[in-house]
Amino acid sequence: MFELYKKRQLGDYIVDSFTFFKNFGKHFFKIFFAINVGMLLIMGALMYLFLETNFKSLAGNNLEKTTPDELFNYFDSYPLLGGFAILFLVVIIFLSLFNSSYPILYLKLIAEKNTNDFTTQDILAGFRKSLWKIIKFGLGVVFIIFPILFILIIALFFLCFVLVGIPLLIVAIPTLFTWVNLSFYTYLTEDKSFFESLNHAHLLLKEDFWSTIGASFIVMIMLQMVQASITMFFYFVGIFAFIFFAIANPDFDKMPFEPSPIFLILITVAFVLIMALSNIFSNVLVINQGIIYYSLGAEDRISATEIESIGSNNE
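What counts, and where the lines are drawn
Residues numbered from 1 in each chain as written. Predicted model: local features only at pLDDT ≥ 70, side-chain atom pairs only at ≥ 80, totals over all residues. Heavy atoms only, no water. Axes fitted to C-alpha atoms, helices over the stretch in contact; angles between N-to-C directions. Helix = DSSP H or I, 4+ residues; strand = E, 2+ residues; numbered from the N terminus. Parallel < 35°, antiparallel > 145°, perpendicular 65-115°, else oblique. Salt bridge = Lys/Arg side-chain N within 4 Å of Asp/Glu carboxyl O. Buried < 20%, exposed > 50% of the residue type's maximum accessible area, 1.4 Å probe, protein only. Expected span 1.5 Å × (residues − 1). Arc of directions from axis to C-beta. Contact = heavy atoms within 4.5 Å. Core = buried A, V, L, I, M, F, W, Y, C linked by side-chain atoms within 4.5 Å.

Sorry if this is basic, but what is going on with the packing of helix α5 (residues 120-159) against helix α6 (residues 165-189) here?
The description of two helices packed together rests on the angle between their axes and the distance between the axes. Taken N-terminus to C-terminus, the directions of α5 and α6 make an angle of 170°; their axes are 11 Å apart at the nearest point. Judged by the inter-axis angle, α5 sits roughly antiparallel to α6.

What follows is the structure, given as structure tokens:
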């Protein structure tokens, strides 16, 4: 059985992240897709309708004769576009809230049950129960943590001109990323406030600093390379398809712009696939952060278990 509470070194953080998916991957992604597919299909439908409405309105107008006032009132003239945008934003926010917390809730259930014998309904129940905490943490990160981190990163970028900032930036990015994720794990898993979670994550990070940020940095680079390769594949497929269409139609440059349903479907499918892949890689990365979180808390957990076993033996 996979052990969450176990002391690990640099290599263990990486190897056990892949071991986790070897043991629980099928169940993990089954729940992931059961919830995400419906939302992604809604996003795809909204994206298609938005593109179709937008392109038709553009194709039906002569932009050379369009006045600034008409451009300014573009969205006022087409409230349907605004409705699509609002619905799309709501779905994006829901997906972001769920996907950011799903790996944490999944590992929390495994830690409690010592098995993955739970269902999609258990995950959704945990998500509904923790929704307000997830929203509060998100607001805290956006309005408190991100402005501070933004200033810090900008300062490190300026230091890169004197070379000192380059190694500092390489260390700072995985450090800040891991600190925020450990804070989120603490906030959803333990009975701590927002600021207590930030402080607790800082203390955890200090326990095994170099191994922790080293593992985070390596996994981040690995996933970014894979994700970038897949994204570039879709990018080049789109370019080659456009070139092929242009070559196959000699009068391509003289053809009026008309939104083809096939063209809109391809854009929508590419968008949904890239969004799904982004969420998958994000979940893998957060699972790696969870392995680090439970490993850093292993000593206290093991000590508490030993105390409990001593008490039960005395009885």
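Anyway, onward from the coordinates.
When you look at the pattern of salt bridges in this model, what are you seeing that I'm missing?
Note on pairing: side chains with opposite charge can pair once their charged atoms come close. Taken as a whole, this structure holds three salt bridges when the rule is applied. Two residues, D16 and K6, come together in a salt bridge whose shortest N-O distance is 3.3 Å. In this pair, D16 sits in helix α1 (residues 10-59) while K6 sits in the segment before α1, placing the two residues ten residues apart along the sequence. The partner of E190 in a salt bridge is K192, with the nearest N and O atoms 3.9 Å apart. Take E190: its relative accessible area is 25%, and that puts it in the partly exposed class. What makes K192 partly exposed here is its relative accessible area of 27%. Three or more residues are tied together by salt bridges with common partners; here these are K6, R8 and D16.

What is the right way to look at helix α7 (residues 194-207) in this model?
It helps to recall that an α-helix has 3.6 residues per turn; residues three or four apart then point in one direction. Taking 1.5 Å as the rise per residue, α7 with 14 residues should run 20 Å; its terminal C-alpha atoms sit 21 Å apart, in good agreement. Buried within α7 we find F194, S197, L198, H200, A201, L204 and L205. Projection of α7 onto a plane perpendicular to its axis shows the buried side chains occupying an angular sector of 165°, all on one side. More than 90 degrees from the buried face of α7, the exposed residues found are F195 and K206.

Help me out: how do you make sense of the side chain of N99 in this one?
Within the secondary structure, N99 sits in helix α4 (residues 79-113). Leaving out residues up to four positions away in the same chain, N99 has contacts with F32, N36, N279 and N283.

Please explain the nonpolar core as it appears in this structure.
Generally speaking, nonpolar side chains in soluble globular proteins are found buried as a group. In terms of nonpolar packing, the biggest core is built from 58 residues, with F20, Y102, Y106, I123, I145, W179 and L182 touching the most fellow members. When contributions to this core are tallied by element, the ones reaching two or more residues are α1, α4, α5, α6, α7, α8 (209-248) and α9 (261-296). Broken down by element, this core gets its largest block of residues, eleven residues, from α9. Not counting the four nearest positions on each side in its chain, L182 is found in contact with A201, L204, L205, Q289, I292, Y293 and L296. Core analysis: the next-biggest nonpolar cluster, separate from the first, contains 13 residues, M43, M47, L51 and F88 among them.

Remember, this is a structural readout, not a statement about activity or role.
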